[in-house]
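# Architecture at a glance
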Amino acid sequence: MKIKFSINYQELISVENLFAAWKEFINGKRSKPDVQRFAHALIDNILQLHEDLANKTYKHGGYHCFNISDPKPRNISKAIVRDRLLHHAIYRKFYPFFDKTFIADSYSCRINKGTHKAIDRLLGMYYKVSKNNHKTCWILKCDIRKFFGSIDHNILLKILQYYIPDQDILWLMKNIIVSFSTSENKGLPLGNLTSQLFVNVYMNEFDQRKT
């Protein structure tokens, strides 16, 4: 039986949570023109965002798309500041809950995890299975082609429904998820903080499968 997310919609969209999210969001971004414009009328902008969310008149905006190489070429989709602030407000409440549902050997986009710890874990497992390099062992190296672009919106929303009983929160999640697509009802933007968490929630269903 899956545990349930206990925070309600009003707490998620509270002015307190939005201001706390702003303090986290602006780290390293204070010099950005769009952030400065939003900060110029910060209180009014946050109160308006809260009102739109409370009245359920909020609608996620569009994206500015650009390419980077890190070193793999990637297409980044950047939301406006108002929406990115909301992403942070959601993430700071969602992450502590969902992180507890992930398997220990899930390393991507998680606090105190990452590539280096994943490699250390792999080496530890390799030495154990290979009897300290005295026995041949095999690993399966695979990747999901165009992963972010292949995320099915309906499947993701169905997974979120397993954990989240609050229908207003689910309404907001759908608003964010369907704001972007690479094809019919598919795709999450590389650029949204929420996307980093949603893909882990999505793949956790695979990770939990017993063979």
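Time to look at the pattern of salt bridges. Tallying each qualifying case throughout the model produces 8 salt bridges. The closest approach of N and O atoms between Lys93 and Glu11, which form a salt bridge, is 3.7 Å. With a gap of 82 residues between them, Lys93 in helix α5 (residues 81-99) and Glu11 in helix α1 (residues 9-12) connect regions that are remote in the sequence. Here Glu11 falls in the partly exposed class, since its relative accessible area comes to 36%. Between Asp168 and Lys56 there is a salt bridge, with the nearest N and O atoms lying 3.0 Å from each other. Of the two residues, Asp168 sits in helix α9 (residues 167-177) while Lys56 sits in the loop between α4 (42-54) and β1 (63-69), which places them 112 residues apart along the sequence. A residue is classified by how much of its surface remains accessible, and Asp168, at 29% relative accessible area, is partly exposed. Here the salt bridges do not stand alone but share partners, grouping Asp34, Lys78 and Arg84 into one network.

Before going further, it helps to spend a moment on the packing of aromatic side chains. Enumeration over the complete set of coordinates arrives at 12 aromatic pairs. Aromatic side chains Tyr63 and Phe180 sit 5.5 Å apart centroid to centroid with 80 degrees between the ring planes, which places their arrangement in the edge-to-face category. Within this pair, whereas Tyr63 is found in strand β1, its partner Phe180 is found in the loop between α9 and α10 (193-207), the two being separated by 117 residues in sequence. Ring pairs connect the aromatic residues Phe5, Phe94, Phe97, Phe98 and Tyr163, which therefore count as one cluster. Above the face of the Phe25 ring, Lys29 is positioned so that its terminal group lies 4.7 Å from the ring centre. Residue placement shows Lys113 over the ring face of Tyr107; its charged tip is 4.8 Å from the ring centre.

Turning our attention to the environment of His60. With respect to the helices and strands, His60 occurs in the loop between α4 and β1. Residues His60 and His88 lie 28 residues apart in sequence; the distance between their C-alpha atoms is 14 Å. Contact partners of His60, with chain neighbours within four places excluded, come to Ala79, Asp83, His87, Asn175, Ile176, Ser179 and Asn192. Of the polar contacts made by the side chain of His60, one reaches the side chain of His87; its length is 2.9 Å. Within the structure, the side chain of His60 is placed 3.5 Å from the side chain of Ser179, a separation counted as a polar contact.

For the rest of this paragraph, the subject is the nonpolar core. The biggest cluster of nonpolar side chains holds 50 residues, and the ones touching the most others in it are Trp22, Phe94, Phe98, Leu160, Ile164, Leu172 and Met173. For this core, the element with the most residues is α5, which contributes 10 residues. Those residues in contact with Phe94 that sit more than four places away from it in its chain are Phe5, Leu12, Ile164, Ile169, Met173, Leu197 and Phe198.

A separate point is the pairing of β1. A regular strand carries its side chains on alternate faces of the sheet. Sheet analysis places β1 next to strand β2 (residues 73-79), joined by 7 bridges and oriented antiparallel. Bridge pairing in β2 places Asn67 opposite Asn75. Adjacent in sequence and paired antiparallel, β1 and β2 are bridged by 3 residues.

With that out of the way, let us pick up α10. With 15 residues, α10 should reach 21 Å at 1.5 Å per residue; the first-to-last C-alpha distance of 21 Å fits that figure. Taken together, the buried positions of α10 are Leu193, Thr194, Ser195, Leu197, Phe198, Val199, Asn200, Val201, Tyr202 and Asn204. In this structure, the buried residues of α10 make contact with α5, α7 (147-150), α8 (153-163) and α9.

What counts and how
Residues numbered from 1 in each chain as written. Predicted model: local features only at pLDDT ≥ 70, side-chain atom pairs only at ≥ 80, totals over all residues. Heavy atoms only, no water. Salt bridge = Lys/Arg side-chain N within 4 Å of Asp/Glu carboxyl O. Helix = DSSP H or I, 4+ residues; strand = E, 2+ residues; numbered from the N terminus. Buried < 20%, exposed > 50% of the residue type's maximum accessible area, 1.4 Å probe, protein only. Phe/Tyr/Trp six-rings, centres within 6.5 Å; stacked < 30°, edge-to-face > 60°. Lys NZ or Arg CZ within 6 Å of the ring centre and 35° of its normal. Contact = heavy atoms within 4.5 Å. Polar contact = N/O pair within 3.5 Å; in protein donor to acceptor, adjacent residues only side chain to side chain. Core = buried A, V, L, I, M, F, W, Y, C linked by side-chain atoms within 4.5 Å. Pairing = 2+ DSSP bridges. Expected span 1.5 Å × (residues − 1).

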